[in-house]
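What follows is the residue order along each chain.
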Amino acid sequence: MFNLFQINQVNPDVIGFQEVRTDAIDQRNQLSELQELIPQYKHLVYHPVAMVTPPLGQQVPPGWEMEGVGLLSKHPIIMSHVVNLTVGKGSVDRNKRVVLHAQVGIDGDELDITVVHFSYDKPQQCQNAVDVINYIASTGSERSVLLGDFNVYNDFPWPVDGILRGSFDKQGSCDTPSQFNPQGSNQGYGFVDAWVTANGESPGYTFSNMVCGTQCQLSLTRCCNSIRNYCVTFLEKQFKV
């Protein structure tokens, strides 16, 4: 219900979601149920990503066995597809991660929306950022919005910084793999943080989902796309996400 309050208060054009549950058998999902409560969002795309494993020793009732990423939009979704993110061989996080890419039609223009859910493992976050930068650059998008849960840590800003710049700081902690094709923000594939641009230092709905310390992982809901997200955008016209 808190999600619904945020949506009605902010009235965004599109909303990105992560960890959306769905039934493995009949394919009903939480987004379609939410859509019934906010019918102005006529357009929906959802992609299940992985089965959810219950805690060891616990029995759970059937249903909602899978989770994934999705998008609700007031505007027509022209096309959508998903691309798998790389899972490193040595990563402690073996969860499948994807990029959900959708094109939304707005007043005759096409806007590329990318929804992600990054790993909680720091080295894997770097690889996720590399994959996302390379993918968005490969699309040649002229108008691009990036939404998602970046699992940001206070002491590890480099994956998101790399996305903002379109390249990685050589003094940072993200090792640049050989498959990374540095685009550079001067070629148009860097991003600006829409929240900071519009609201400065105001924290918005940002909150921590851990007991804070130097390892505190922040869940950022500043753009009201979902309960846990971070919003990075480059826009040529006013648009609410």
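Residues numbered from 1 in each chain as written. Predicted model: local features only at pLDDT ≥ 70, side-chain atom pairs only at ≥ 80, totals over all residues. Heavy atoms only, no water.

Glancing now at the pattern of salt bridges. Inspection of every chain in the model, using the stated rule, returns 6 salt bridges. With a shortest N-O distance of 2.4 Å, Arg28 and Asp23 are connected by a salt bridge. Here Arg28 falls in the partly exposed class, since its relative accessible area comes to 33%. In this structure, Arg97 and Asp93 form a salt bridge, with 2.7 Å as the shortest nitrogen-oxygen distance. Salt bridges here are not isolated pairs; linked through shared partners, they connect Asp23, Arg28 and Glu33. (Salt bridge = Lys/Arg side-chain N within 4 Å of Asp/Glu carboxyl O. Buried < 20%, exposed > 50% of the residue type's maximum accessible area, 1.4 Å probe, protein only.)

A few words now on the packing of aromatic side chains. A complete count under the given rule lists 2 aromatic pairs for this structure. Seen in terms of ring centroids, Phe156 and Trp158 are 5.3 Å apart; in terms of plane orientation they differ by 80 degrees. Their pairing is edge-to-face. The class of Phe156 is buried, set by a relative accessible area of 9%. The residue whose ring lies beneath Lys122 is Tyr153, and the NZ or CZ to ring-centre distance is 5.1 Å. (Phe/Tyr/Trp six-rings, centres within 6.5 Å; stacked < 30°, edge-to-face > 60°. Lys NZ or Arg CZ within 6 Å of the ring centre and 35° of its normal.)

As a further point, take the sheet that holds strand β3 (residues 66–73). Sheet architecture is open: 3 strands sit in the order β1-β3-β2, paired in antiparallel fashion. Among the strands making up the open sheet, the edge pair consists of β1 (14–22) and β2 (43–51). Along the sheet, successive strands turn relative to each other by an average axial angle of 20 degrees, direction set aside. Judged from the 8 bridges that link them, β2 and β3 form a sheet pairing that is antiparallel. Within β3, the position partnered with Ala50 by the bridge is Glu67. (Pairing = 2+ DSSP bridges. Helix = DSSP H or I, 4+ residues; strand = E, 2+ residues; numbered from the N terminus. Axes fitted to C-alpha atoms, helices over the stretch in contact; angles between N-to-C directions.)

Moving on to the environment of Trp64. Tracing the sequence through the fold places Trp64 in the loop between β2 and β3. For Trp64, a relative accessible area of 22% puts it in the partly exposed group. Spatially, the C-alpha atoms of Trp64 and Asn29 are 7.6 Å apart, while their sequence positions differ by 35 residues. Setting aside chain neighbours within four positions, we find Trp64 in contact with Arg21, Thr22, Asp23, Arg28, Asn29, Gln30 and Glu33. (Contact = heavy atoms within 4.5 Å.)

All right, on to the packing of helix α3 (residues 122–139) against helix α4 (residues 158–165) then. Two elements in contact, α3 and α4, have axes separated by 8 Å at closest approach and are oriented at 15 degrees. By the angle class used here, α3 and α4 are roughly parallel. Where α3 crosses over α4, the handedness of that crossing is right-handed. In this structure, α3 contributes Gln125, Cys126, Ala129 and Ile133 to the contact, and α4 contributes Pro159, Gly162 and Ile163. By residue class, the composition of the contact of α3 with α4 is 5 nonpolar, 2 polar and no charged. (Parallel < 35°, antiparallel > 145°, perpendicular 65-115°, else oblique. Left-handed = near helix turned anticlockwise from the far one by under 90°. Nonpolar A, V, L, I, M, F, W, Y, C, P; charged D, E, K, R; others polar.)

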